[in-house]
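Chains, contacts and geometry: an overview
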Amino acid sequence: MSPPTSWQPLLTGAAADQARDAVEAIAMVVSDPSQLARMDLGPFYQSGQLSDNLSSGRAGLALLFSYMNQSRLWPQANYADEALSLLNDSIEAVAEVPMDGSLFSGFTGIAWCVEHLQNRLLNDAEGDVNEEIDQALIELTANSPWTRDYDLIIGLVGLGLYAVERLPRPTATQLLEQVIERLVERAVHQPEGICWWTDPQWMMEETRVRYPQGYYNIGLAHGSPGVVVMLALAYAAQVRREVVQPLLEGAVQYLLAQRMPDNPRSVFPCFCGFDIPAEGSRLAWCYGDPGVSMAIYYAGVLIGRKDWQQAALAVMRLAVDRPPQDAGVVDAGLCHGAIGLAHIYNRFYHAGGEQLFRDAALYWYDAGLQMRRPGEGLAGFYAYMPREERPNAWVADPGLLSGATGVALGLLAGISNVEPAWDRMLLISIPPGGG
């Protein structure tokens, strides 16, 4: 089967109607502060109040309403104004509310959202509101040696991704070059290839106790796969290719060397190094075979390495064959839930046209929709967030990464002909036909 050359909705008939109803219901709730104030919103929210960040706040909601507006599936709704209002609130918060510089929970994510929505929602004539952000991040990444995390969620990869979104501005090029320099400094050269060490001080307490020496992280959200995609994006943009290419090749070589051929549960582990037992993972974007394979495949597309693409596809085909009851999927969110898995398979289908990925996407869209319980949670959806201090692990999460906003974006990608370019922030935006 030939891959689609443009984005096409997979869901039709009753499934499309269910998805559209769920998206609309989520949008109604997340835009109503009075409804949110009555809910148990989980550990990322204070007194039922939304933050302004990309992962769990208003910037993420602005993305949802902007893409709903672009889809034209609700021609009578005024979703553009809702998106603008939410985004303006987030922009104002950058100057008024203390926040870090990370992509998913800090001011960099808000700035990424502003840049991403240029010509989708915003007008270039209004000026460049991100100039000061560029300068602040250039100053931050000039610090050497880099003593903070390197990952996508809170570290260097996230800053690099923001810089890629801002190209070809000179400040974006400078920022991206400095991110690459910091990654070079932190790179660990092993016999199997190149990787990056996660310092225990960056971990949650319970993880630090378990891994006192740190580890080499194999998850897309927090580890080397994120570095791989960010470096490939820099290479494709012709930024510091002489430095990027050997670093990228060494990083992919290392990831491929971590495959566990005899593990029946998964091919890639979550962590390795320091005599850590190689254990299988659930199927998810954040950790597990789908996320790691996506990173290797996408990098192969960006720099023209068919061997990387084929290696990634071999793992993904095994993931599709994995029994659903062994997938480790318990909720619907993007990060590690059913709709996130459907979205990854949808991207693979649009990239290469393989029927098995289309079928897998349809299966997981349906699984995610079946998790909906109207009248409960947030528009029928709960997120599973176990915490020792919380007796109830099921919460009504309005956020993008693990909650209802992300569910809505993933479902919208299944019913709209607008390419879901918002998933650039997840490092999985392989273009249709790109395989």
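Presented here is a report on the structure given in the accompanying data block.

What counts and how
- Residues numbered from 1 in each chain as written.
- Predicted model: local features only at pLDDT ≥ 70, side-chain atom pairs only at ≥ 80, totals over all residues.
- Heavy atoms only, no water.
- Buried < 20%, exposed > 50% of the residue type's maximum accessible area, 1.4 Å probe, protein only.
- Helix = DSSP H or I, 4+ residues; strand = E, 2+ residues; numbered from the N terminus.
- Pairing = 2+ DSSP bridges.
- Expected span 1.5 Å × (residues − 1).
- Core = buried A, V, L, I, M, F, W, Y, C linked by side-chain atoms within 4.5 Å.
- Contact = heavy atoms within 4.5 Å.
- Axes fitted to C-alpha atoms, helices over the stretch in contact; angles between N-to-C directions.
- Parallel < 35°, antiparallel > 145°, perpendicular 65-115°, else oblique.
- Left-handed = near helix turned anticlockwise from the far one by under 90°.
- Nonpolar A, V, L, I, M, F, W, Y, C, P; charged D, E, K, R; others polar.
- Phe/Tyr/Trp six-rings, centres within 6.5 Å; stacked < 30°, edge-to-face > 60°.
- Lys NZ or Arg CZ within 6 Å of the ring centre and 35° of its normal.
- Polar contact = N/O pair within 3.5 Å; in protein donor to acceptor, adjacent residues only side chain to side chain.
- Patch = residues over 30% accessible without salt bridge, like charges linked within 9 Å, V, L, I, M, F, W, Y side chains within 5 Å.
- Areas by Shrake-Rupley, 256 points an atom, 1.4 Å probe, with all protein chains shown as cover.
- Salt bridge = Lys/Arg side-chain N within 4 Å of Asp/Glu carboxyl O.

1. Some thoughts on the pairing of strand β2 (residues 193-198)
With five of its six residues buried, β2 lies for the most part within the structure. Sheet topology places strand β1 (residues 187-190) next to β2; four bridges connect them, and they run antiparallel. By the bridge assignment for β2, H189 is matched with I194. Between β1 and β2, which pair antiparallel one after the other, the connecting turn spans two residues.

2. Some details on helix α14 (residues 338-352)
Because an α-helix completes one turn every 3.6 residues, residues spaced three or four positions apart along the sequence face the same direction. Helix length check: α14, at 15 residues, gives a terminal C-alpha distance of 21 Å against a target of 21 Å (1.5 Å per residue), a fit within 8%. In terms of burial, α14 is largely enclosed, as 14 of its 15 residues are buried. Positive phi appears at G353, one or two residues downstream of α14, with a value of about 80°.

3. Looking at the nonpolar core
With 160 residues, the main nonpolar core has L63, W196, W285 and Y345 as its most contacted residues. If we skip the residues at most four places from it in the chain, W196 touches Y150, L183, R186, A187, Y215, Y216, N217, S224, V227, L231, L247 and A251.

4. What about the packing of helix α10 (residues 224-236) against helix α11 (residues 241-257)?
Contact pair α10 / α11: the axes reach a minimum separation of 9 Å and the direction vectors enclose 150°. By the criterion of interaxial angle, the relationship of α10 to α11 is roughly antiparallel. In terms of crossing hand, the pair formed by α10 and α11 is left-handed. Contacts between α10 and α11 involve S224, P225, V228, L231, A232, A234, Y235 and A236 from the first element and R241, V244, Q245, L247, L248, A251, V252 and L255 from the second. Its residues placed into classes, the contact of α10 with α11 shows 13 nonpolar, two polar and one charged.

5. Describing the sheet that holds β1
Paired through their backbone hydrogen bonds, the strands of a sheet run either parallel or antiparallel. Read from one edge of the open sheet, four strands run β1-β2-β3-β4, paired in antiparallel fashion. Edge positions in the open sheet fall to β1 and β4 (271-272), since each of these has one partner strand only. Pairing of β2 with strand β3 (residues 215-217), which is carried by two bridges, proceeds in the antiparallel orientation. By the bridge assignment for β3, T198 is matched with Y215. On the sheet, helix α8 (residues 170-186) packs against β1 and β2 and is oriented at approximately 45° with respect to β1.

6. Here's the deal with the packing of aromatic side chains
Scanning the entire structure with this criterion turns up 14 aromatic pairs. With a centroid separation of 5.1 Å and 85° between ring planes, the pair formed by Y363 and W364 is classed as edge-to-face. Judged by relative accessible area, W364 falls into the buried class, the value being 8%. Three or more aromatic residues joined by ring pairs form one cluster here, namely Y211, Y215, F271 and Y287. Here the guanidinium or amino end of R148 rests over the ring plane of W146, the centre of that ring lying 5.9 Å away.

7. So, the environment of R241
Mapping R241 onto the fold places it in helix α11. Of the residues examined, R241 reaches a relative accessible area of 34% and is grouped as partly exposed. Along the primary structure R241 and N88 are separated by 153 residues, whereas in three dimensions their C-alpha atoms are 37 Å apart. Beyond its immediate stretch of four places on either side in the chain, R241 contacts Y235, A236 and P246.

8. A word on the side chain of S102
For S102, the position within the fold is in the loop between α4 (79-96) and α5 (107-116). Polar contacts involving the side chain of S102 include one to the side chain of D100, which spans 2.8 Å. For S102, the side chain forms a polar contact with the side chain of S105, separated by 2.8 Å. Aside from chain neighbours lying at most four places away, what touches S102 is F107, T108, G109, I153 and I154.

9. Quick word on a nonpolar patch on the surface
On the surface, V330, Y382, Y384 and W394 cluster together into a nonpolar patch covering about 350 Å² of accessible area. Summarising the element assignment, Y384 is placed in strand β5 (residues 383-384). Under the relative-accessibility criterion, Y384 is labelled partly exposed at 34%.

10. Quick look at α10
Here α10 is 13 residues long and its end C-alpha atoms lie 18 Å apart, about the 18 Å a rise of 1.5 Å per residue gives. Among the 13 residues that make up α10, twelve are buried, leaving the element largely enclosed by the rest of the structure. For α10, the complete set of buried residues consists of S224, P225, G226, V227, V228, V229, M230, L231, A232, L233, A234 and Y235. Within two residues after α10, Q238 carries a phi angle of roughly 60°, on the positive side.

Coordinates in, geometry out; function isn't part of it.
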